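In case you want the letters, here they are:
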Amino acid sequence: MSSTETGTTTNEHGYRSFVIGGFSFERDEHFVHIHWPTGRHVMAADVFLKALMRDVSWNFFYGIVNFDAVFGTMNHYGNVDMFAGRYNAAYRKAELDHQENFGHDDLMACFKEILADWTNADFDPFASPQETGTPFGPKKGDNQTAVNRTRVLANRMVGVPGDEATRSDENGFPKNRMFADVDQTEPAVHAEPGYEQEVAAFNLFAYLSRSDVTWNPSVVSVCRESLYCPTTEEFILPVIHGNDRVEWFVQLSDEITWKVEDRETGAMRATVVMKAGDCAAMPADIRHQGYSPKRSMLLVWENAAASLPDLIASGQAPTVPVSF
Ligand code: PHB
Ligand code: FE
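Report on the accompanying structure. As the structure is a prediction and not an experimental result, all values here were calculated from the model.

Parameters and conventions
- Residues numbered from 1 in each chain as written.
- Chains lettered and ligands numbered in written order.
- Predicted model: local features only at pLDDT ≥ 70, side-chain atom pairs only at ≥ 80, totals over all residues.
- Heavy atoms only, no water.
- Donors = N, O, S within 2.8 Å, 3.2 Å for Na, K, Ca; no water.
- Buried < 20%, exposed > 50% of the residue type's maximum accessible area, 1.4 Å probe, protein only.
- Pairing = 2+ DSSP bridges.
- Helix = DSSP H or I, 4+ residues; strand = E, 2+ residues; numbered from the N terminus.
- Phe/Tyr/Trp six-rings, centres within 6.5 Å; stacked < 30°, edge-to-face > 60°.
- Lys NZ or Arg CZ within 6 Å of the ring centre and 35° of its normal.
- Near = heavy atom within 4 Å.
- Polar contact = N/O pair within 3.5 Å; in protein donor to acceptor, adjacent residues only side chain to side chain.
- Nonpolar A, V, L, I, M, F, W, Y, C, P; charged D, E, K, R; others polar.
- Salt bridge = Lys/Arg side-chain N within 4 Å of Asp/Glu carboxyl O.

**Thoughts on the coordination of the iron ion (ligand 2)**
Link 1 in the chain: For the iron ion (ligand 2), every protein donor is listed as His 241 (ND1), Glu 247 (OE) and His 288 (NE2), and the spread of their distances is 2.1 to 2.2 Å.
Link 2 in the chain: Each donor residue of the iron ion (ligand 2) lies on the same chain, and together they follow the pattern H-x5-E-x40-H. Taken individually, His 241 and Glu 247 each receive the classification buried, so the pair is uniform in this respect.

**A word on the pairing of strand β11 (residues 226-236)**
Link 1 in the chain: With three bridges joining them, strand β10 (residues 221-223) and β11 adopt antiparallel strand pairing. Residue pairing for β11: Ser 221 is matched across the bridge by Tyr 228.
Link 2 in the chain: What sits between the antiparallel neighbours β10 and β11 is a turn of two residues, in which Arg 224 has the positive phi angle 50 degrees.

**Some thoughts on the packing of aromatic side chains**
Link 1 in the chain: Per the stated rule, a full pass over the model turns up 20 aromatic pairs.
Link 2 in the chain: Ring geometry for Phe 23 and Trp 36: centres 6.5 Å apart, planes at 40 degrees, overall tilted. Residue Phe 23 is located in strand β3 (residues 23-27), and its partner Trp 36 is located in strand β4 (residues 31-36); the two are separated by 13 residues in the primary sequence.
Link 3 in the chain: The class of Phe 23 is buried, set by a relative accessible area of 0%.
Link 4 in the chain: Feature note: the residues Phe 18, Phe 23, Phe 25, Trp 36, Phe 48, Phe 60, Phe 67, Phe 71, Tyr 91, Phe 111 and Trp 118 constitute an aromatic cluster, connected by ring pairs.
Link 5 in the chain: Across from the ring centre of Phe 173, 5.9 Å away, lies the NZ or CZ of Arg 167, which sits over that ring.

**A closer look at the site of ligand 1**
Link 1 in the chain: If you check the shell around ligand 1, you find 15 residues, and the closest are Trp 215, Glu 233, His 241, Glu 247 and His 288.
Link 2 in the chain: One of the side-chain nitrogen or oxygen atoms of His 241 is found 2.9 Å away from an oxygen atom of ligand 1.
Link 3 in the chain: Taking His 288, its side chain carries an N or O atom lying 3.2 Å from an oxygen atom of ligand 1.
Link 4 in the chain: Of all the elements in the fold, those that place two or more residues in the shell around ligand 1 are β11, β13 (247-251) and β17 (286-303).
Link 5 in the chain: A total of three residues in the shell around ligand 1 trace back to one element, the largest contributor, which is β17.
Link 6 in the chain: Of the residues belonging to the shell around ligand 1, the class tally is nine nonpolar, four polar and two charged.

**Side note on the pattern of salt bridges**
Link 1 in the chain: According to the stated counting rule, one finds 17 salt bridges in the structure shown.
Link 2 in the chain: The closest approach of N and O atoms between Glu 234 and Arg 177, which form a salt bridge, is 2.8 Å. Here Arg 177 lies in the loop between α4 (144-147) and α5 (204-209) and Glu 234 lies in strand β11, a separation of 57 residues in the sequence.
Link 3 in the chain: Glu 234 sits in the buried class, given a relative accessible area of 5%.
Link 4 in the chain: Between Glu 234 and Arg 295 there is a salt bridge whose closest N-O contact spans 2.7 Å. Taken as a pair, Glu 234 in strand β11 and Arg 295 in strand β17 lie far apart in primary sequence, 61 residues in all.
Link 5 in the chain: You can call Arg 295 buried: its relative accessible area is 0%.
Link 6 in the chain: Connected via shared salt-bridge partners are Glu 131, Arg 177, Glu 234 and Arg 295.

See below:
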């Protein structure tokens, strides 16, 4: 495990610098600069902060979170690799790639500090570009409410008594500008006497029309390891997600174009255009990034079984759900 030491002084732009293990992070008015023993990398501040926000709030997510083609994290559920160039064919060939393993809590604490210090008052890293201010410029205040947001997680299925994840005007979730036409009628439920607390239904489209963020799946139902994680999407998924298991997408409205690349090298494998009603399985050996020209609704269906990554990595389970 590597050590963390974070700077408490600020640079001429007002931002703190951070060091963890062999990696160091600095930001200026436009860019984030990452250094490691064999190289250095520069990223636009908005791209970095939006990816960092997801990595933090998703607890390093499933498998690999690539911030871009060079930098990212791989989750081992308890400990985490932070890497540069590890999943990039050119860096690998030049032997300039680098990765270090950190305890989950150590890297999470460092990432949370970076996110809190580098996110300015006007910027919400979860918002779509047209619904937030600028991340650029010298340090200007902070946005603790935005950066401390966690994934919406229904205690029970959305709509069942005891659930706190219902989105409504009363809960402070107005309809999004792009979903003005979405019918808000809730289904009528006629439960047998005695089952009124057990039987429920809700209007998922109405629920999603009130999502205040983009590219942030919320869990609306759990059936053993099967998680339904619908989300609303606009502009570009801020991470390039490298799966460690098969993942299903059901396009519920509008359209998303997915760029699908080889998980190890980044070589382009497919462009998948998903229109409303389309369903696709993303294999376990790819990475993907979605482009949504208009705010759209997507159902991400995850199998959360902890045994899956090892079964797939060892070849005992296939990387695709079905072979034709
Ligand atoms: C994914 O990586 O599969 C993913 C992540 C966030 C989303 C949608 C899909 O909002
Ligand atoms: Fe994914």
